[in-house]
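# Overview (structure and organization)
The chain contents come next:
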Amino acid sequence: MVKSSIGELKLSPLKEEGKFVFYNDVIKINGKTAKDDKLKVYVTSYRQEGEKYLLNIADVSKAIIHVRGQQHVHENLVGYSSLDVLYDHVTGLYKEHFYFGDKQ
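Read on for a plain summary of the structure. (Residues numbered from 1 in each chain as written. Predicted model: local features only at pLDDT ≥ 70, side-chain atom pairs only at ≥ 80, totals over all residues. Heavy atoms only, no water.)

So, on to the environment of F98. With respect to the helices and strands, the residue F98 is situated in helix 1 (residues 83-99). Taking relative accessible area as the criterion, F98 reaches 2% and is therefore assigned buried. In the structure, F98 is positioned 72 residues away from V26 in sequence and 16 Å away in space, judged by C-alpha atoms. (Helix = DSSP H or I, 4+ residues; strand = E, 2+ residues; numbered from the N terminus. Buried < 20%, exposed > 50% of the residue type's maximum accessible area, 1.4 Å probe, protein only.)

In this section: the environment of L55. By the secondary structure assignment, L55 is in the loop between strand 8 (52-54) and strand 9 (61-67). Remark: the alpha-carbon pair of L55 and L83, spanning 28 residues in sequence, is separated by 6.5 Å. If sequence neighbours within four positions are ignored, L55 has contacts with V43, S45, Y46, Y80, S81, S82, L83 and L86. (Contact = heavy atoms within 4.5 Å.)

All right, on to the packing of aromatic side chains then. Within the structure shown, the criterion is met by four aromatic pairs. With 5.5 Å between their ring centres and 75 degrees between their planes, F22 and Y46 make a pair best called edge-to-face. Of this pair, F22 sits in strand 3 (residues 20-24) while Y46 sits in the loop between strand 6 (38-43) and strand 7 (47-49), and the two are 24 residues apart along the sequence. Take F22: its relative accessible area is 0%, and that puts it in the buried class. Overall, Y46 belongs to the partly exposed group, its relative accessible area being 25%. (Phe/Tyr/Trp six-rings, centres within 6.5 Å; stacked < 30°, edge-to-face > 60°.)

Across a sheet, paired strands are connected by hydrogen bonds in the backbone, their directions being either parallel or antiparallel. Ordered by their spatial adjacency, six strands build an open sheet running 1-2-3-6-9-10, and the pairing between neighbours is antiparallel. Either end of the sheet is taken by a strand with one partner, and the two such strands are strand 1 (2-4) and strand 10 (70-77). Strand-to-strand, the axes of this sheet are offset by a mean angle of 20 degrees, without reference to chain direction. Where strand 2 (residues 7-11) meets strand 3, two bridges bridge the pair, whose relative direction is antiparallel. Across the sheet, K10 pairs through a bridge with Y23, a residue of strand 3. (Pairing = 2+ DSSP bridges. Axes fitted to C-alpha atoms, helices over the stretch in contact; angles between N-to-C directions.)

We now examine helix 1. Taken together, the buried positions of helix 1 are L83, L86, Y87, V90, T91, L93, Y94 and F98. Down the axis of helix 1, the sector holding all buried residues measures 155 degrees, keeping them to one side. (Arc of directions from axis to C-beta.)

Set out below in structure tokens:
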């Protein structure tokens, strides 16, 4: 599937809220598993071309990030052409704002 520095994003076989769900339930930071941390990315639609998951740039996506027992919801994520780019953004949110950063 889609990989980043915190781990692999997998496609859930079930839809939630009428959207496709990609999730990472084993987040690793500096080679260590961040216990109980996980994230879900919700997309309206996607199409697969080879190993790439392409998104409609106008579709609204959502991310839910669980960090140290707290849930952070990011709605209205728009303007992403592929799941790779969206996951990179969500990875940045997790690392910079919640895991290492200001937790806002």
